[in-house]
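Listed below, chain by chain, are the residues.
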Amino acid sequence: MSTAEPDKQVKQEGQAADSLPREKIISGDAVTVMKGLPDRSIDQIFFSPPYFRLRDYGVGKNKGELGQERTVDEWVTNLRAVCDEAKRLLTPTGSLWINLGDTYSRTVGQGAIRKSLLLGPERLALDLVKDGWIMRNSIVWAKANHMPESVADRLTSSWERVYFLTLEPDYFFDLDAIRLPHVSEVRRPAEQRRNHTRPPGRTDQTRPSGRSDRRFDPNISAGSGGIADLKRSGLPGHPLGKNPTDVWTLSPSNRASDHSAAMPLELAKRAIAAACPEQRCAKCRRPFKRDSVLAKRIAKRLGYTSVGTLAPRPNVPLLPTCDCRADSEPGVVLDPFMGSGTTAIAAEQLGRNWLGIELSGEYTRYAEGRIARTREENSQRKETR
């Protein structure tokens, strides 16, 4: 293969990406619509499909409604088809995020003895790993203020899964974007605090709000990452916040909605912030990144850490990870089961591009209306500031 051929392929893929619809919900079956989208054009695919035999959305199995299959294995097969299309659509640094809930068997024919959990999410996870996906996390969404269940012979279900999968061992992931505030801070001994001087021009009045005034010991190198060093400096941990665990405690959506299973906005925002780049190269679509070491160094120099409230990251510019010298554009997240439009709203609030697919015309119209109303509300808030 000549050296010109890869460049030609990148150019063709770049032109194909330009044809990718954005900020639009396409009506139709997820797999069918995905087949018409250009290769390697999506940075993140995030969705919560209809769960097996949990709700009937009124479209009909013969028209492609997921969740109405005869057995849980058929449900898994149909979801695998969606994930197969995701393989083609994702950029090499892209990732797949799936929010899933389990259901109980009503008859032996559904895939398990009656009253047994069907383990549908686990069945899908095992098959996706066999299909070549790398399972990076199996996240527990613990539902705060969950809905009660009228059952007396088992425990109430109060959590769901969020699978985070990639195709390559190297992929885009912005940990700093989703770091959490430290619960408490470690103070240095009184002698160290008395001998500490403020940086020139800094006073209590100029200290950024929501940030701790504990400063990093200048005798400790910026590249040092040991917990002991941080504690000796008076910091409880990483100055931008702690690394989130794989248990996310979030309240279910309490919004009045015509959609019977709307996911919480914060769930979508956290996943998108972590895995969909703020900017990418418009030619080769490689993500732009911040220098995380520089961000940490600046945070230490400014003398703050995230305690109590999530402090903003230092203003470190986004840098390309390619040599194209092309324009940049926001990353793109695709939701093949758009439902009430939560993924789109989360993407817009984070400054990402999005594309949705929805089989139900009723839900498509509802989501479009909700997205438009949210845009208007956000616009009004900006005008009143």
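Reading the values: the criteria
- Residues numbered from 1 in each chain as written.
- Predicted model: local features only at pLDDT ≥ 70, side-chain atom pairs only at ≥ 80, totals over all residues.
- Heavy atoms only, no water.
- Pairing = 2+ DSSP bridges.
- Helix = DSSP H or I, 4+ residues; strand = E, 2+ residues; numbered from the N terminus.
- Axes fitted to C-alpha atoms, helices over the stretch in contact; angles between N-to-C directions.
- Contact = heavy atoms within 4.5 Å.
- Buried < 20%, exposed > 50% of the residue type's maximum accessible area, 1.4 Å probe, protein only.
- Polar contact = N/O pair within 3.5 Å; in protein donor to acceptor, adjacent residues only side chain to side chain.
- pLDDT = per-residue confidence, 0-100.
- Parallel < 35°, antiparallel > 145°, perpendicular 65-115°, else oblique.
- Left-handed = near helix turned anticlockwise from the far one by under 90°.
- Nonpolar A, V, L, I, M, F, W, Y, C, P; charged D, E, K, R; others polar.
- Core = buried A, V, L, I, M, F, W, Y, C linked by side-chain atoms within 4.5 Å.
- Salt bridge = Lys/Arg side-chain N within 4 Å of Asp/Glu carboxyl O.
- Phe/Tyr/Trp six-rings, centres within 6.5 Å; stacked < 30°, edge-to-face > 60°.
- Lys NZ or Arg CZ within 6 Å of the ring centre and 35° of its normal.

**Quick look at the sheet that holds strand E9 (residues 332-335)**
Taken in spatial order, the 8 strands make up an open sheet running E1-E10-E9-E2-E3-E5-E4-E6, and their pairing is mixed. Taken across any chain shown, the strands that pair with only one partner, and hence form the sheet edges, are strand E1 (24-27) and strand E6 (247-250). In this sheet, neighbouring strand axes are inclined to one another by 20° on average, regardless of whether the strands run parallel or antiparallel. Summarising the sheet, E1 and strand E10 (residues 353-358) pair through 4 bridges and their orientation is parallel. What sits directly across from Ile26, in E10, is Ile357. The sheet contacts of helix H3 (residues 72-89) involve strand E2 (42-47), strand E3 (90-100) and E9, and relative to E3 the element is tilted by about 155°.

**Remarks on the environment of Gly361**
When you line up the elements, Gly361 lands in helix H10 (residues 361-384). According to the relative accessible area criterion, Gly361 is partly exposed, its value standing at 29%. Sequence separation between Gly361 and Ser27 is 334 residues; the distance between their C-alpha atoms is 6.7 Å.

**A short note on the environment of Arg22**
With respect to the helices and strands, the residue Arg22 is situated in the loop between helix H1 (4-18) and E1. Polar side-chain contacts of Arg22 include one of 3.1 Å to the backbone oxygen of Leu20.

**Focus: the side chain of Ser95**
Mapping Ser95 onto the fold places it in strand E3. Reaching out from Ser95, the side chain makes a polar contact with the side chain of Trp97 at a distance of 3.0 Å. Apart from residues no more than four positions distant in its own chain, Ser95 is found in contact with Asp43, Gln44, Ile45, Leu90, Phe164, Leu165, Thr166 and Ala275.

**Some thoughts on the confidence of the model for the protein chain**
Model confidence for the protein chain is summarised by a mean pLDDT of 82, while 74% of its residues fall at 70 or above. A low-confidence stretch, residues 196-200 stays under pLDDT 50, and its non-local contacts, those more than four residues away or across chains, total 7 contacts.

**Brief notes about the packing of helix H7 (residues 265-275) against helix H9 (residues 342-349)**
Running from N to C, H7 and H9 cross one another at 55°; their axes reach a closest spacing of 9 Å. Overall, the two elements H7 and H9 adopt an arrangement that is oblique. The two elements H7 and H9 cross, and the hand of that crossing is right-handed. Residues Leu265, Ala268, Lys269 and Ile272 of H7 pack against Thr342, Thr343, Ile345, Ala346, Ala347 and Gln349 of H9. Taken together, the residues of the contact of H7 with H9 break down into 6 nonpolar, 3 polar and 1 charged.

**Section: the nonpolar core**
Formed by 37 residues in total, the largest nonpolar core has its most connected members in Ile45, Phe47, Leu96, Ile98 and Leu334. Contributing elements (two or more residues each) for this core: helix H2 (30-35), E2, H3, E3, helix H4 (120-130), strand E5 (159-166), E9 and E10. In terms of residue count, H3 provides more of this core than any other element does, 8 residues in total. Ignoring any residue separated from it by four or fewer positions in sequence, one finds Leu334 in contact with Met34, Leu37, Ile42, Gln44, Ile45, Phe46, Leu89, Leu355 and Ile357.

**A word on the pattern of salt bridges**
As enumerated under the stated definition, the model contains 17 salt bridges in all. Notably, a salt bridge pairs Glu74 with Arg70, separated by 3.5 Å at the nearest N-O pair. A relative accessible area of 26% means that Glu74 is categorised as partly exposed. Connected via shared salt-bridge partners are Arg22, Asp43, Arg280 and Glu329.

**Focus: H4**
One turn of the α-helix equals 3.6 residues, which is why residues spaced by three or four share an orientation. Buried within H4 we find Gly120, Pro121, Leu124, Ala125, Asp127 and Leu128. Its buried side turned inward, H4 meets H3, E3, strand E4 (134-143) and E5. One or two steps after H4, the chain reaches Gly132, where phi turns positive at roughly 105°.

**Some thoughts on the pairing of E6**
What you see with E6 is a clean split: Trp248 and Leu250 sit on the buried side and Val247 and Thr249 on the side with no burial. Direction of pairing for E4 relative to E6: parallel, over a ladder of 4 bridges. Looking at E6, one finds that Trp141 is bridged to Trp248.

**As for the packing of aromatic side chains**
In total, this model carries 5 aromatic pairs according to the counting rule given. Summarising the aromatic geometry, the rings of Trp97 and Phe164 are spaced 4.3 Å apart at their centres and angled 15° between planes, so their arrangement reads as stacked. Of the two residues, Trp97 is situated in strand E3 and Phe164 in strand E5; the sequence distance between them amounts to 67 residues. Grouping residues by exposure puts Trp97 and Phe164 together as buried. Relative to Tyr171, the ring of Phe164 has its centre 5.7 Å away and its plane inclined at 85°; by these criteria the two rings are edge-to-face. With a relative accessible area of 2%, Phe164 lands in the buried category. Judged by its relative accessible area of 17%, Tyr171 is buried. Ring pairs connect the aromatic residues Trp97, Phe164, Tyr171, Phe173 and Trp248, which therefore count as one cluster. One Lys or Arg, Arg270, reaches over the ring of Trp248 and ends 5.0 Å from the middle of that ring.

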